[in-house]
2 protein chains.
Amino acid sequence: MTSPAVPAPRTQVTRKDVARYAGVSTAVVSYVVNGGPKKVAPATEAKVQDAIRLLGYRPNAAARALKLGSTETIGLIIPDNSNPFFSLLAHAVEDAAAELGFALFLTNSDGNLAKERRNIRNLAARQVDGVVLASVLLDPDLTDLEAAEIPSVLLSHSERSAGFTTVGVDLAEGARKAVEHLVWHGHTNIGLAMGTTTGNEGDAREDGWLQALKDAGLAEGPIARSEFTRVGGYAAGQRLLASANRPTAIFASSDMQAIGILRALHEAGLSVPGDMALASFDGAVEAEYSWPPLTTVEQPVRDMAEAAVRALVGADRGEPARHRVFPTRLLVRQSCGCG
Amino acid sequence: MTSPAVPAPRTQVTRKDVARYAGVSTAVVSYVVNGGPKKVAPATEAKVQDAIRLLGYRPNAAARALKLGSTETIGLIIPDNSNPFFSLLAHAVEDAAAELGFALFLTNSDGNLAKERRNIRNLAARQVDGVVLASVLLDPDLTDLEAAEIPSVLLSHSERSAGFTTVGVDLAEGARKAVEHLVWHGHTNIGLAMGTTTGNEGDAREDGWLQALKDAGLAEGPIARSEFTRVGGYAAGQRLLASANRPTAIFASSDMQAIGILRALHEAGLSVPGDMALASFDGAVEAEYSWPPLTTVEQPVRDMAEAAVRALVGADRGEPARHRVFPTRLLVRQSCGCG
DNA sequence: GTGAAAGCGCTAACAC
DNA sequence: GTGTTAGCGCTTTCAC
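Model, not experiment: these values are computed from the prediction.

Definitions and limits used
- Starting afresh in each chain, residues are numbered from 1 along the sequence in its written order.
- By the order in which they are written, chains take letters starting at A while ligands take numbers starting at 1.
- The predicted nature of this model means local features are confined to residues of pLDDT at least 70 and side-chain atom pairs, given and counted, to a pLDDT of 80 or more, with totals for whole chains, interfaces and linings taken over all residues.
- Side-chain figures throughout are based on the complete set of non-hydrogen atoms in the structure, without hydrogens or water.
- Put simply, DSSP H or I for four residues or longer makes a helix, DSSP E for two residues or longer makes a strand, and each gets a number counted from the N terminus.
- Values of the radius of gyration come from C-alpha atoms, whereas the globule rule sets the reference at 2.2 Å times the count of residues to the power 0.38.
- The classification of residues rests on relative accessible area computed with a 1.4 Å probe and restricted to protein chains. Under 20% of the type maximum is buried, over 50% is exposed, and intermediate values are partly exposed.
- Any two residues having at least one pair of non-hydrogen atoms within 4.5 Å are treated as being in contact.
- All accessible areas in this document rest on Shrake-Rupley with a 1.4 Å probe, and a residue is counted as covered only by the protein chains that are shown.
- For the purpose of counting charges, residues Lys and Arg are taken to be positive, whereas Asp and Glu are taken to be negative. His and the chain ends are not included.
- Every charge is mapped to an atom, namely NZ of Lys, CZ of Arg, CG of Asp or CD of Glu.
- Delimitation of the domains relies on an automatic or database domain assignment.
- Computed with a 1.4 Å rolling probe, the buried area is the accessible surface lost when two parts are put together, summed over both parts.
- For this document, the term salt bridge refers to a Lys or Arg side-chain nitrogen within 4 Å of an Asp or Glu carboxyl oxygen.
- Polar contact criterion, stated in full: a pair of N or O atoms within 3.5 Å, where within protein one must be able to donate a hydrogen and the other to accept it, and residues adjacent in sequence count only if both atoms are side-chain atoms.
- We call Asp, Glu, Lys and Arg charged. Ala, Val, Leu, Ile, Met, Phe, Trp, Tyr, Cys and Pro are nonpolar, and the rest, Gly among them, are polar.
- Being paired, for any two strands, means DSSP has found at least two bridges between them.
- Axes here refer to lines fitted to C-alpha atoms; in helices the fit is confined to the stretch in contact. Angles between the N-to-C directions go from 0 to 180 degrees.
- A single heavy atom is enough: if one lies within 4 Å of a molecule or strand, its residue is considered near that molecule or strand.
- Alignment of copies: least-squares fit on C-alpha atoms of residues with pLDDT of at least 70 in both copies.

> Could you clarify how one ought to interpret the overall build of chain A in this entry?
Along its length, chain A carries twelve helices and twelve strands. Taken against the 2.2 N^0.38 rule, which gives 20 Å for 339 residues, the C-alpha radius of gyration of chain A at 26 Å runs more than 25% over that of a compact globule. Here the C-alpha coordinates of chain A stretch approximately 85 × 45 × 35 Å along the principal axes. Counting the 339 residues in chain A, one finds 54% classified as buried. Counting contacts in chain A only where the partners sit at least 6 residues apart, residues at least 24 apart contribute 68% of the total. Summed over its atoms, the accessible surface of chain A is roughly 14,200 Å², and 51% of this surface lies on carbon and sulfur atoms. For chain A, the centre of its 33 positive side-chain charges and the centre of its 38 negative side-chain charges are spaced 10 Å apart.

See the structure below:
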């Protein structure tokens with residue numbers, strides 16, 4: 001069914017209609033609908049409920065929002081909903097929000113700073129009660145939100161950021177765990193496929209990789225930088241294979257990159273983990289179904305999403321800004337040489 | 001930044017403040033902000049713009065929505081945003097909506113009928129201007145939307161449905177193409193891994209598979225039914241392998257199932273396409289990065305999303321309900337035996 | 001070209 | 001327990 005070419009005459013049933021039909025005042029209807037703030041006699045309540053049902057009354061959220069100054073809505077900004085990590089994150093945020101009666105505006109920034117800013121502005125204009133931002137930057141511009149006094153939290157953000165509530169994982173520690181595992185397998189030349197960020201900022205996964213190497217007394221392996229995507233990983237994989245000191249193992253900063261590397265490896269006729277071991281980061285389901293299944297550092301996406309929403313509009317609302325770090329877990333599968 | 005424990009005193013700058021500051025009436029501010037419906041003298045306009053900038057004025061969307069009866073918002077209901085097919089669809093719908101100045105409420109039904117209905121109701125209460133529904137059912141219950149006179153379109157819907165605008169692909173034809181290709185490779189025993197729907201309704205992909213077999217004078221191959229997921233595909237794959245008349249090729253009704261089948265095949269030490277050829281449906285990016293890359297029937301997701309949004313709130317709004325079928329394309333890769 | 005004012009549907013303080 | 005009513009911020013008709 002599509003909308004009529006000419007807008008139909010406003011046929012909306014209002015609170016007033018219900019009141020008239022039930023023979024009460026509009027206030028009473030409000031009390032019934034909202035369960036307060038005043039008590040209503042059971043008999044009256046029944047009359048009102050009947051009227052509501054009969055008339056098919058549905059409260060107008062816009063009017064309510066105008067009056068209350070709250071839309072029961074939050075906004076989410078992610079780089080790319082078609083990236084498995086973010087789509088899972090979005091799903092989890094939606095669940096957490098719905099749990100609290102909040103609806104979720106989904107916006108993609110496509111790794112584009114201007115678009116991210118536009119989305120922030122747009123959400124602010126729509127009077128959302130909060131925004132969850134998985135930014136392309138370490139230090140996003142939140143002035144529009146601040147001006148509108150809209151709380152925000154930085155999700156999938158691994159650095160403490162003064163004055164902001166942030167939730168993420170310890171990237172360095174996660175990366176270190178994965179690389180240490182590769183070291184444990186006996187590898188002495190471990191390469192890094194590192195994702196690049198829009199802001200060209202450093203990434204702690206690189207530090208973790210380096211630290212693990214140092215701790216093991218190993219030389220720094222080759223690095224290939226590329227996008228946090230399958231295509232990016234594919235290119236990085238090819239470069240790593242062609243490098244003068246070809247590694248025997250690779251740590252990839254995301255599962256998507258590892259998937260790309262896997263393709264490069266397969267095309268080169270190399271076996272994994274025999275000719276090249278692999279470990280990555282994120283814990284996407286896709287990594288469990290690659291061949292071989294990827295050993296990866298899992299991020300507790302649902303927990304992080306819940307924490308973000310709770311800090312924004314749930315129980316933790318109003319608590320002082322802080323950096324919440326969630327634990328990662330090394331999912332040991334076969335690409336590393338286990339099993 | 002989190003919200004203050006005690007709601008700050010409403011500090012919002014309103015149209016009235018701007019008017020006072022600029023020394024004009026509130027009507028003029030409206031004219032300037034909306035570029036109409038009346039003309040404003042350039043000098044006045046400048047004064048108003050200055051005031052807006054200085055005061056940091058931002059229009060209140062809720063008030064506007066209340067007045068206009070339109071929220072410039074659409075709702076999307078999909079089964080699962082962490083399924084690559086739907087996450088891409090959601091991204092595309094968001095893009096199409098944003099293009100038209102509409103924001104997108106994302107909701108997941110998790111393949112759950114009750115949840116789908118709850119989401120519909122919730123979106124209706126929020127006065128969305130339209131809803132795009134990728135239902136778990138062939139014949140979803142849209143009464144809440146109809147009662148609220150909210151237009152809707154059924155997306156990723158392959159059956160004509162009287163009175164509804166629907167957009168989808170010809171599943172039977174797509175499946176037929178894939179199976180015909182498998183036949184062309186010389187296979188005579190082609191199994192089917194068929195996804196099951198919540199409503200237990202038939203799926204035209206099955207018809208397409210059967211038709212291709214019949215047209216080629218082939219006997220009906222074995223069928224394994226399971227969920228439209230990786231896990232489902234994995235189980236289906238195992239069953240197909242164990243079946244009395246094990247096929248030499250499988251057509252899977254979704255890429256996710258094929259990914260699962262691939263795992264079952266690998267675990268069984270079978271080579272693809274050597275020991276078992278494979279083709280599937282959807283055209284997810286993940287299918288391009290599996291090993292071997294999957295031959296799959298691509299759905300034009302972006303085109304479908306755009307068509308849905310356009311029919312809802314864009315140029316095609318108000319056109320009579322119709323069933324829009326988009327063409328699929330066989331993406332020939334290696335799992336079928338090519339290359 | 002500009003302004004005054006009605007009213008969108010709702011909540012809740014206040015009066016009874 | 002129930003009713004009256006004043007706005008929330010905005011758009012737009014109608015008068016000037």
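> Teacher, can you tell me more about the domain arrangement of chain A here?
When the parts of a complex come together, some accessible area is lost, and that lost area is often taken as the interface size. Residue and element names in this part refer to chain A. The domain architecture assigned to chain A consists of domain 1 (15–59), domain 2 (72–169 + 301–326) and domain 3 (171–300). Each of domain 2 and domain 3 has a C-alpha centre, and these two points are 28 Å apart. The interface of domain 2 with domain 3 comprises 16 residues on the first partner and 14 residues on the second. Of all residues in domain 2, P84, F85 and V169 give up the largest surface area on contact with domain 3, accounting jointly for 38% of the area buried on that side. Summed over the shared surface of domain 2 and domain 3, the result is zero salt bridges. Remark: the boundary between domain 2 and domain 3 carries seven residue pairs in polar contact (both at pLDDT 80 or more). Sort the elements by how many residues they give to the side of domain 2 that touches domain 3 and helix α12 (residues 301–313) lands first, with four residues. Partitioned by chemical class, the residues of the side of domain 2 that touches domain 3 number nine nonpolar, three polar and four charged.

> How do you make sense of the sheet that holds strand β8 (residues 249–252) of chain B when you look at a structure like this?
Hydrogen bonds between backbone atoms are what pair the strands of a sheet, whose relative direction is either parallel or antiparallel. All names here are of chain B. Spatially, six strands are ordered β7-β6-β8-β9-β10-β12 in an open sheet, and the strand pairing comes out mixed. Looking at the sheet topology across the chains shown, the edges are occupied by β7 (223–226) and β12 (329–331). Recorded for the sheet is a direction-independent mean angle of 20° between the axes of neighbouring strands. Sheet analysis places strand β6 (residues 190–195) next to β8, joined by four bridges and oriented parallel. Bridge assignment links A193 to a residue of β8, and that residue is A252.

> What exactly am I supposed to notice about the protein's contact with DNA strand D here?
Not every one of the 28 residues close to DNA strand D is listed here, only the nearest: S25 and T44 of chain A together with R15, K38 and Y57 of chain B. Among the atoms of DNA strand D close to the protein, meaning within 4 Å, 53% are from sugar or phosphate groups. S25 of chain A places a polar main-chain atom, nitrogen or oxygen, 2.6 Å from a phosphate oxygen of DNA strand D. Backbone polar atom of N60 of chain B to a phosphate oxygen of DNA strand D: 2.8 Å apart, as the coordinates give it. Counting residues per element, the ones that place at least two in the surface near DNA strand D are α2 (26–34) and α4 (61–68) of chain A together with α2 (26–34) and α4 (61–68) of chain B. A class-by-class count of the residues in the surface near DNA strand D yields 13 nonpolar, eight polar and seven charged.

> Would you take a moment to explain the interface of chain B and chain A for this structure?
Counting from both sides, the interface comprises 72 residues of chain B and, opposite them, 73 residues of chain A. When the two sides are added together, the surface that chain B and chain A hide from each other amounts to roughly 5,800 Å², 53% of it contributed by carbon and sulfur. Taken together, the connections running from chain B to chain A amount to 27 residue pairs in polar contact (both at pLDDT 80 or more). If you list the elements that add at least two residues to the side of chain B that touches chain A, you get α4, α5 (84–99), β2 (103–108), α6 (113–125), α7 (143–147), α10 (230–242) and α11 (255–267) of chain B. Counted by class, the side of chain B that touches chain A contains 30 nonpolar, 23 polar and 19 charged residues.

> Looking at this structure, I do not really get the relation of the copies chain B and chain A. What am I missing?
For the pair of chain copies, the relating operation is a rotation around an axis with a shift along it. Expressed as a screw operation, the relation of chain B to chain A combines 0.0 Å of axial shift with a rotation of 180°, fitting to an RMSD of 0.1 Å. What the rotation and shift describe, once combined, is the action of a two-fold rotation axis. A high fraction, 100%, of the interface residues of chain B reappear at the interface in chain A, so the copies pair face to face through one surface.

> Looking at this structure, how should I read unusual backbone geometry?
The phi angle of most residues is negative, glycine excepted, and most peptide bonds adopt the trans form. Here the amide bond leading from W291 of chain A into P292 of chain A is cis, since omega sits at -5°, within 30 degrees of zero. Inspection of the secondary structure assignment puts P292 of chain A in the loop between β9 (277–282) and β10 (295–298). The phi angle at D110 of chain B is positive, at roughly 50°, despite the residue not being glycine. For D110 of chain B, the location among the structural elements is in the loop between β2 and α6. Judged by relative accessible area, D110 of chain B falls into the partly exposed class, the value being 35%. Residues other than glycine seldom take positive phi values, yet S156 of chain B does so here, at roughly 60°. With respect to the helices, strands and loops of the structure, S156 of chain B is situated in the loop between β4 (152–155) and β5 (165–169). By relative accessible area, S156 of chain B is classed as partly exposed at 30%.

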